[in-house]
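Chain residues, written in single-letter form:
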Number of protein chains: 8
Amino acid sequence: MEKFEIINLLKKTANGEITPEEAAEKLKIDPFEELEFAKPDIHRGLRQGIPEVIYGIGKTPFQICEITKSLLENGQKTVLITKLPKEYIKEISEKINFKYFEVCKIGVAGEIPKAKTKGTIVVATGGTSDIPVAEEAAITAEVFGNKVTRLYDVGVAGIHRLFSHTKDIMDAKVIIAIAGMEGALASVIGGIADCPVIAVPTSIGYGTAFGGVSALLSMLNSCASGVSVVNIDNGFGAGYIASMINHIGE
Amino acid sequence: MEKFEIINLLKKTANGEITPEEAAEKLKIDPFEELEFAKPDIHRGLRQGIPEVIYGIGKTPFQICEITKSLLENGQKTVLITKLPKEYIKEISEKINFKYFEVCKIGVAGEIPKAKTKGTIVVATGGTSDIPVAEEAAITAEVFGNKVTRLYDVGVAGIHRLFSHTKDIMDAKVIIAIAGMEGALASVIGGIADCPVIAVPTSIGYGTAFGGVSALLSMLNSCASGVSVVNIDNGFGAGYIASMINHIGE
Amino acid sequence: MEKFEIINLLKKTANGEITPEEAAEKLKIDPFEELEFAKPDIHRGLRQGIPEVIYGIGKTPFQICEITKSLLENGQKTVLITKLPKEYIKEISEKINFKYFEVCKIGVAGEIPKAKTKGTIVVATGGTSDIPVAEEAAITAEVFGNKVTRLYDVGVAGIHRLFSHTKDIMDAKVIIAIAGMEGALASVIGGIADCPVIAVPTSIGYGTAFGGVSALLSMLNSCASGVSVVNIDNGFGAGYIASMINHIGE
Amino acid sequence: MEKFEIINLLKKTANGEITPEEAAEKLKIDPFEELEFAKPDIHRGLRQGIPEVIYGIGKTPFQICEITKSLLENGQKTVLITKLPKEYIKEISEKINFKYFEVCKIGVAGEIPKAKTKGTIVVATGGTSDIPVAEEAAITAEVFGNKVTRLYDVGVAGIHRLFSHTKDIMDAKVIIAIAGMEGALASVIGGIADCPVIAVPTSIGYGTAFGGVSALLSMLNSCASGVSVVNIDNGFGAGYIASMINHIGE
Amino acid sequence: MEKFEIINLLKKTANGEITPEEAAEKLKIDPFEELEFAKPDIHRGLRQGIPEVIYGIGKTPFQICEITKSLLENGQKTVLITKLPKEYIKEISEKINFKYFEVCKIGVAGEIPKAKTKGTIVVATGGTSDIPVAEEAAITAEVFGNKVTRLYDVGVAGIHRLFSHTKDIMDAKVIIAIAGMEGALASVIGGIADCPVIAVPTSIGYGTAFGGVSALLSMLNSCASGVSVVNIDNGFGAGYIASMINHIGE
Amino acid sequence: MEKFEIINLLKKTANGEITPEEAAEKLKIDPFEELEFAKPDIHRGLRQGIPEVIYGIGKTPFQICEITKSLLENGQKTVLITKLPKEYIKEISEKINFKYFEVCKIGVAGEIPKAKTKGTIVVATGGTSDIPVAEEAAITAEVFGNKVTRLYDVGVAGIHRLFSHTKDIMDAKVIIAIAGMEGALASVIGGIADCPVIAVPTSIGYGTAFGGVSALLSMLNSCASGVSVVNIDNGFGAGYIASMINHIGE
Amino acid sequence: MEKFEIINLLKKTANGEITPEEAAEKLKIDPFEELEFAKPDIHRGLRQGIPEVIYGIGKTPFQICEITKSLLENGQKTVLITKLPKEYIKEISEKINFKYFEVCKIGVAGEIPKAKTKGTIVVATGGTSDIPVAEEAAITAEVFGNKVTRLYDVGVAGIHRLFSHTKDIMDAKVIIAIAGMEGALASVIGGIADCPVIAVPTSIGYGTAFGGVSALLSMLNSCASGVSVVNIDNGFGAGYIASMINHIGE
Amino acid sequence: MEKFEIINLLKKTANGEITPEEAAEKLKIDPFEELEFAKPDIHRGLRQGIPEVIYGIGKTPFQICEITKSLLENGQKTVLITKLPKEYIKEISEKINFKYFEVCKIGVAGEIPKAKTKGTIVVATGGTSDIPVAEEAAITAEVFGNKVTRLYDVGVAGIHRLFSHTKDIMDAKVIIAIAGMEGALASVIGGIADCPVIAVPTSIGYGTAFGGVSALLSMLNSCASGVSVVNIDNGFGAGYIASMINHIGE
């Protein structure tokens, strides 16, 4: 309930259209939905075409279908489903028309918006094994309407691979740096780039990689200013934040 | 060396003003300084008035004075010195005219720029003990020319304190959420806000707070999208990133 | 051996019915069984209808059946079996008449008592993935005769969901707050509620969730007074403690 | 703002006493303070004589004095100040009349209430070194009006010491079990007692005690049902929860 | 090479039966086998009937057979094979006549010696799930000729179960205390017993049991003197050490 | 209360010297002191001259004096005080006649017994920095009447130093192996020796030594059978256990 | 682009063969490939016959085939593929002629060079279970043209096994010491040898071996100078470094 | 005892100059000193002028003086004392003529050898705070006769600083890469260089730097082949290994 709606409600009360008790009840039932602070994406999404997100983990195919259909029927144009197990696809695709990105386990129901931003999000990875996380970030960003440039396998062991893309890095509005093992990519990009860098540690590696902890610590301790970090393998989160930043001023 | 400078160099070679060997030597000596990608802040800083930053840790008062003076003499208008021990102040202030923010151990030499941004950075803390880290973030942001709103002691144990500032949170362009102990502030703000949230765990707490690790893990696992994290107690880093984001589109 | 039994034994000695040596032997053999302090649940259970509990882990289906039958034959009305693997059900159900709650792997043999408490235990979860642990807590509490209110999926990322249940929280006699990931639910409920909160971290999450350690640390560091914590995924323990508290004064 | 106050406000709007715009403004400014759910202790405390608590850590002596005086002037009868450094006492005692418990660093301003509960809280420790944490729990409980029985130095290495107090343990309404090193006290008490046990690990020990982590893990893994745990050295928290439980049904 | 063999060798040199060069070569080739300090068990074993031990992990069935046969052919009476996977049994039993203890994955080839010690080793466990580790210890000890008393499922949650066996504990020459979860059994036994206690943490438990780390830390921090610890689940090691101690003075 | 005392009590009851109620009361008050199983060292100590032990940590000089005097007055011949801070010595030595071993912070009041054992305890250290822990072990063992051989600075980096003492190692009845850093000494000694080895990790080292954790893990994972481990820096515990073993069969 | 090529380019510019703009473009496109510092192994490899390495993890069989064929076609004589899953072999061997070392999951396409070094690399393991890692190191070294001596199963529990190979150790130019469990082998070899020792912790062990962490810490804390460490199970890395060292001065 | 000495001993036995018993005794007493494999540095040092090393930690000034004097009197030309506390200098310098390098706490008694190697060791650091560790490495290497090039403050946040020293890196025979925080320097250098890289993590940093653990993990997980790692802050160890490598082939 927007502020003007509250005033409308009160005006109706003042006008006798509704009783004070009815108004109180209305305020009591929906105190938070009115303020809307906790569901901004849904309503704004409807008006602006921003996708709604469903986390696939811990939900049954049936639940995912029901939520997706309900959202689409309520006017949502795009629904993004993350961490969607491959074995769900058969059951879900019989009920919903959707596209599945297997490499990163993302499903998209409804229309996939075209890139509307002038600014570009660069998604860079240290190695080829980091690509599933990178695609989770990239496709999330694309579904949110962003222009995305992929720079995969540009890790610091062969740093010339990264430097041959200096222009992409300098032109980016925000960069997602994704790496496992020692995670040095974030620091090196952070040292070159002039925009916010979202670092994503991946669980790639063995032994003392400790499932991504080594990369995480590297990224948190980056000597380059401008680097912030999300959870291990959290490509979606990085794509979401990058989209937030990329939409500023557009 | 800008691209046009390379072309100039080559033209001089073509004109015989310099020999090919001299040109090769020139390219060999400064291959990276020419590109300048790794020092963008300094030069742009000079042109645009962006402050230069000196990390105070591990440097002697003499070193700090020399670097600061050199920067100011080369045209830098503002120099920010972080993690500057209180016991250095006497020696440094005899040599440089600068302002010391004792609560967060920041020194600023040269002029402190006025807030030039329309967008606002909200700096929120869970408790009063988090204020030194918060001030490091806030003053960093202010010295970089940002408008800052401070919301201190709005932790989740008394969540009404936070909600009485809903408007500030909804109006922010970027938010810095700072908390120790269980670090839940970042998730709660992330659930309400509609802009990027930079989370800073602090080392406040005892026992299983583990010097900030508990808060760090909370923030990395935030179920709210839009939250990224920096190192424990890294107020400067958060202020720097927030400033980057806040300047977009201004 | 109750105190009166000791006096009886001594009276018999005084009467010469048994010799001092026999009495000494009797005292020597059963010094602890006499006091019975370590088996209060069994005997009191028989008199009062309190269920006996069998941990299913590390026992064979045969062992579980034998213990359950022995308890029921000795007058126990209800037997609760926790962590009972689904693959045991076929074999056990051929021998015992019991009900299996698959979502939380609890089996109940004998009659399930009706709620006898006036006070209510609220079982709240951060997300839908926490429901198996929550049901372990809720069904344990119900089998112990408690009235239970379930508030599932009320995590802090959409804090309005929690606040729309403020009345349930204010009316509870004890609350079980169950969450994985950053575990902030316990602090937020602890800040609102006016009764003891038992926090249960769950192993839900990935990367730095570290199998529940992140949520555990959050809960141990809760800035809200009134929160105590049990082991990761220990729904049974929380239900048991909540039942103890809920029965006080009834 | 109670529900009836909301109805009154709306009635006034209906009556034209205030304009709808004024009513909207009123609702916008105080949406949470009206509900008051987040400050129950203060107001109820004033009505019922429950002490208010100030955390001493991270506050200056001046701040502590100001908050304490403000609370006392607003009708608060007792103010409990925890983790109050000894070196603050001189400055504070010049301004406030208060009692300082040095062993556990608690200060109490105003009157210390007499024990009003019929039920008893047992505070037990494994060793003499755990006494500072135990006194923090015991005095907290006493200041909240509870009857407290202290059983100090009854650790499992000499388990007869504990068993000579079996009656105290069986008579308790709630028990606080405090131990460092291997923390086995909580399990042994939990195995004997028939009431909730709040376990407090302490940082006592060396080497692999890891500042209380060893005791914490023991307590979280207690094979005895009925044991929940608070942060390392958190005597206050345990005393607060025990008081909550002890007041049920009184 | 025993000392007398060295003297023999030198006598032969002195007698001219072999040249000094040949003697030097002989000493150079076998400098350590001569001293025999690193293989005391094999040779002494042959003389005294002490079993030889083969670790089954990381060896193929073929390798195990070859080593076992070689040992038996060289006069070894008993060969103990630990951590022997069940799936090896079929292949091995076709080649060797041996007995397999499935619960603890121990195989014994050759004759199993009768208990020859007067002293008794008590093997106690906290729960029934610890029995596989306990049997590894008990059977190891028995194969080394020790009298063993088993006290299983005597954990501290029902401490009367342990105390009903006080006599066994007081009569033991050495005790092996085996427990998972909080591992308090070792401390309680260590507080009662008057002989060395070898504590074995097991990986039983979940969540913060951390695969045995919680029990390990408890045992290392035992406030009872007389407790030393071996690796998690290392029943063999405990049985071996207990046997060493039990044979002293026999 | 010894068994014969119980029989006496019952006889008095049978004789009518005391009433059954009085006997019951007597049994109720002292149920555990009668059995005395938890205080064997004190009484046996009095009869046999075994020292009583006081842990100095967490006790005041006054408390230590009072306990020591009380023990000596009750017939105790020797009192061992461990972890006794140097700054306590002045105050204590004014009240008690005792000897202080500064290197290992042990005080001994009363007479120091002469070595009475035929068997020898070898105390070996990896480096010179481990000597304080080693002396804690050695003096503990000596005060308990054991013959002790010290082998200091025989670490594996110069393994010939250890091997030049092969005879001491082969002749020992029990060995205490003390090392920090990588803690390999325990494995090497365990591979050579033919008796129980008690390993003590020390907190010597820096960086990844992690205050003794590296040495602890090495010792727990020793590939040599016969090695058990005590807490980091726990020289007393090792000396106590070694004394237990060394006294077997004497 | 070698330095002489840059000079050639500039000469052509000076001669007018190419325009300055063309030269600038050429320099802009390939700034790093020209310098070639980041791909020294490829080109030098072609000239010197040094193998190229492909990491098999995270690549499909198709990708591995394509890269391998491309390298061979470009003149590479030997291609080493590490961590190559056994299930890939069928598919790959249909397309490429290569040899697969199953024990260490290495594939080698092209010719395997003969040992060309005079110096020898010793590869030593603590146990037989470490052999897969050891073979990864040994075969890597051999494919890089080194002479390798294998000393397997020479761990410290039976230290005579190691000492019987003293000559091999003294003659080595560089040693790779591979061990799991307590990892003491590296220290013992480091104490004897007079050449660099590369230590490889393996994930062999259970319980507190923590998947190689115990061995890793031992090796990092080695009291023997001359020991450096690589990641857990990183046999390839050790072989690569050892080869670098072994080729010095040849 | 060299091999020829053994033969001499045996010849004397053959000649009757000594009895076989005397020879056996001689061999029994000094079996390891004869072989001398464990003291190669001392004797070779005397012949070749290689410095002897004393670890200063855990030794008194008196002990250090005595050892140093003894070494010098026995012909040692140079004695290196590491980790020498500044407060020892006054006492030691009164007794020995030696030079103290305060920044890295190294003392050198006797003559400091001139660089004798043709090959160069590069010592590189990420920041200025790493210089104490770097100087420990550099001075160690210089005292062992190596030519050293220092590249300080060339961390990856400003990667052009490193690349402006590409020639130094390409010319090095071995490189020591020293960094705290995220430790990415080792990977970047390892990706460029063509020689062994010894990585030294430093304890520089705060929060999640965890005293060097973050840098350590980065270095162990380096995606660049050719990097091995030593303990946190172990500059001496790196200098020692680098010297070993640098002397090969000289």
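Parameters at a glance
Residues numbered from 1 in each chain as written. Chains lettered and ligands numbered in written order. Predicted model: local features only at pLDDT ≥ 70, side-chain atom pairs only at ≥ 80, totals over all residues. Heavy atoms only, no water. Helix = DSSP H or I, 4+ residues; strand = E, 2+ residues; numbered from the N terminus. Buried < 20%, exposed > 50% of the residue type's maximum accessible area, 1.4 Å probe, protein only. Polar contact = N/O pair within 3.5 Å; in protein donor to acceptor, adjacent residues only side chain to side chain. Least-squares fit on C-alpha atoms with pLDDT ≥ 70 in both. Contact = heavy atoms within 4.5 Å. Pairing = 2+ DSSP bridges. Axes fitted to C-alpha atoms, helices over the stretch in contact; angles between N-to-C directions. Buried area = accessible area lost by both parts, 1.4 Å probe. Salt bridge = Lys/Arg side-chain N within 4 Å of Asp/Glu carboxyl O. Domains from an automatic or database assignment. Nonpolar A, V, L, I, M, F, W, Y, C, P; charged D, E, K, R; others polar. Phe/Tyr/Trp six-rings, centres within 6.5 Å; stacked < 30°, edge-to-face > 60°. Lys NZ or Arg CZ within 6 Å of the ring centre and 35° of its normal. Right-handed = clockwise from strand over helix to strand, strands pointing away.

Topic: the overall build of chain A
The helix and strand tally for chain A stands at twelve helices and nine strands. Considering chain A as a whole, with its 250 residues, one finds that 61% of them fall into the buried category.

Looking at the environment of Glu250(F)
Residues and elements named next belong to chain F. Along the chain, Glu250 turns up in the segment after α12 (235-246). Under the relative-accessibility criterion, Glu250 is labelled partly exposed at 39%. With 172 residues separating them along the chain, Glu250 and Thr78 place their C-alpha atoms 21 Å apart. In this structure the side chain of Glu250 is engaged in a polar contact, spanning 3.0 Å, whose partner is the backbone nitrogen of Gly119.

Regarding the relation of the copies chain B and chain C
Aligned on chain C, chain B shows an RMSD of 0.1 Å; the corresponding rotation is 180° and the shift along the axis is 0.0 Å. Taken together, the rotation and translation relating the two chain copies correspond to the operation of a two-fold axis. For chain B, the smallest separation between a C-alpha atom and the rotation axis is recorded for Ala184(B), amounting to 2.6 Å. The overlap is high: 100% of the interface residues of chain B also sit at the interface in chain C, so the same surface is used on both sides.

Section: the sheet that holds strand β3 (residues 98-101) of chain G
Residues and elements named next belong to chain G. In space, the four strands of this open sheet follow the order β1-β2-β4-β3, with mixed pairing throughout. Of all strands in the sheet, those bounded by a partner on one side alone are β1 (52-55) and β3. Neighbour-to-neighbour, the strand axes of the sheet open up by a mean angle of 20°, direction not taken into account. When β3 meets strand β4 (residues 106-110), the two strands line up antiparallel, connected through four bridges. Counterpart to Phe98 in the pairing with β4 is Ala109.

Re the sheet that holds strand β3 (residues 98-101) of chain C
Pairing between the strands of a sheet comes from backbone hydrogen bonds, and it takes one of two forms, parallel or antiparallel. Residue and element names in this part refer to chain C. Pairing is mixed in the open sheet, where four strands are placed in the order β1-β2-β4-β3. Two strands in the sheet have a free side with no partner beyond their single neighbour: β1 (52-55) and β3. Taken over all neighbouring pairs, the strand axes of this sheet differ in orientation by 20° on average, direction set aside. As paired elements, β1 and strand β2 (residues 78-82) share four bridges and run parallel to each other. Bridge pairing links Val53 to Leu80 in β2. Docked against the sheet, helix α7 (residues 131-143) engages β2, β3 and β4 (106-110), running at close to 15° with respect to β4.

Observations concerning the interface of chain B and chain C
Counting residues at the interface gives 22 residues for chain B and 22 residues for chain C. Note on chain B versus chain C: buried area summed over both sides is about 1,900 Å², and carbon and sulfur give 65% of it. For the interface between chain B and chain C, the tally reads zero salt bridges. Inspection of the region where chain B meets chain C yields 15 residue pairs in polar contact (both at pLDDT 80 or more).

Thoughts on the interface of chain E and chain F
At the junction of the two partners, chain E supplies 30 residues and chain F supplies 31 residues. Contact between chain E and chain F buries roughly 2,700 Å² in total, counting both sides, with carbon and sulfur atoms accounting for 68%. For the pair chain E and chain F, the number of links is zero salt bridges. Taken together, the connections running from chain E to chain F amount to six residue pairs in polar contact (both at pLDDT 80 or more). Secondary-structure elements contributing two or more residues to the side of chain E that touches chain F are α4 (40-48), α9 (166-171), α10 (185-192), α11 (213-220), β9 (227-229) and α12 (235-246) of chain E. For the side of chain E that touches chain F, the element with the most residues is α12(E), which contributes five residues.

Notes on the relation of the copies chain E and chain F
Overlaying chain E on chain F yields an RMSD of 0.1 Å, the required transformation being a rotation through 180° with an accompanying axial translation of 0.0 Å. Same-surface contact between copies: 100% of interface residues of chain E are shared with the interface of chain F.

Here's the deal with the domain arrangement of chain A
Residues and elements named next belong to chain A. According to the domain assignment, chain A consists of domain 1 (31-110) and domain 2 (120-247). Placing the centre of domain 1 and that of domain 2 at their C-alpha centroids yields a distance of 26 Å. Contact with domain 1, which involves 13 residues of that partner, is made by nine residues of domain 2. A buried area of about 1,000 Å², summed over both sides, lies between domain 1 and domain 2, and 78% of it is on carbon and sulfur atoms. The interface formed by domain 1 and domain 2 includes one salt bridge. Residue Lys83 is joined to Glu136 by a salt bridge in which the shortest nitrogen-to-oxygen separation is 3.1 Å. Counting across the domain 1 and domain 2 interface gives two residue pairs in polar contact (both at pLDDT 80 or more). Where the side of domain 1 that touches domain 2 is concerned, the elements lending two or more residues are β1 (52-55), β2 (78-82) and β4 (106-110). The element that contributes the greatest number of residues to the side of domain 1 that touches domain 2 is β2, accounting for three residues. In terms of residue class, the side of domain 1 that touches domain 2 is made up of ten nonpolar, two polar and one charged.

Side note on unusual backbone geometry
You will see that Asp233(E), though not glycine, has its phi angle at about 65°, which is positive. Within the element layout of this structure, Asp233(E) appears in the loop between β9 and α12. The exposure class of Asp233(E) is buried, given its relative accessible area of 18%. Here Phe210(H), not a glycine, exhibits a phi torsion of approximately 50°, which is positive. Turning to its location among the elements, Phe210(H) is positioned in the loop between β8 (197-201) and α11 (213-220). For Phe210(H), a relative accessible area of 37% puts it in the partly exposed group.

Comments concerning the packing of aromatic side chains
Under the criterion given, the structure shown has 24 aromatic pairs over all chains. Arranged with centres 5.5 Å apart and planes meeting at 80°, the rings of Phe144(C) and Tyr240(C) form a pair that is edge-to-face. With Phe144(C) in the loop between α7 and β6 (147-151) and Tyr240(C) in helix α12 (residues 235-246), the pair connects residues that are 96 residues apart, well separated along the chain. Each member of the pair Phe144(C) and Tyr240(C) is classed as buried. An aromatic cluster of at least three residues, connected via ring pairs, comprises Tyr55(A), Phe144(A), Phe236(A) and Tyr240(A). The ring of Tyr206(F) has Lys83(H) lying over it, and the distance from NZ or CZ to the ring centre is 4.7 Å.

A look at the pairing of strand β7 (residues 174-179) of chain B
Residues and elements named next belong to chain B. Counting buried positions over the six residues of β7 gives six, a clear majority of the element. Residues of β7 alternate between two faces, with Val174, Ile176 and Ile178 on one and Ile175, Ala177 and Ala179 on the opposite face, all of them buried. Strand direction decides the pairing type here: strand β5 (residues 120-125) and β7, joined by five bridges, are parallel. Paired with Ile121 across the bridge in β7 is Val174. Strand direction decides the pairing type here: β7 and strand β8 (residues 197-201), joined by five bridges, are parallel. Residue pairing across strands places Ala177 opposite Ala199, the latter belonging to β8. Read as a crossover between parallel neighbours, the route from β7 over helix α10 (residues 185-192) to β8 is right-handed.

Quick notes on the pairing of β5(B)
Residue and element names in this part refer to chain B. Here β5 lies mainly inside the structure; six of its six residues are buried. Neither face of β5 is open: one carries Thr120, Val122 and Ala124, the other Ile121, Val123 and Thr125, and all of them are buried. Alignment of β5 against strand β6 (residues 147-151), held across five bridges, turns out to be parallel. Opposite Val122, over in β6, you have Thr149 as the bridge partner.

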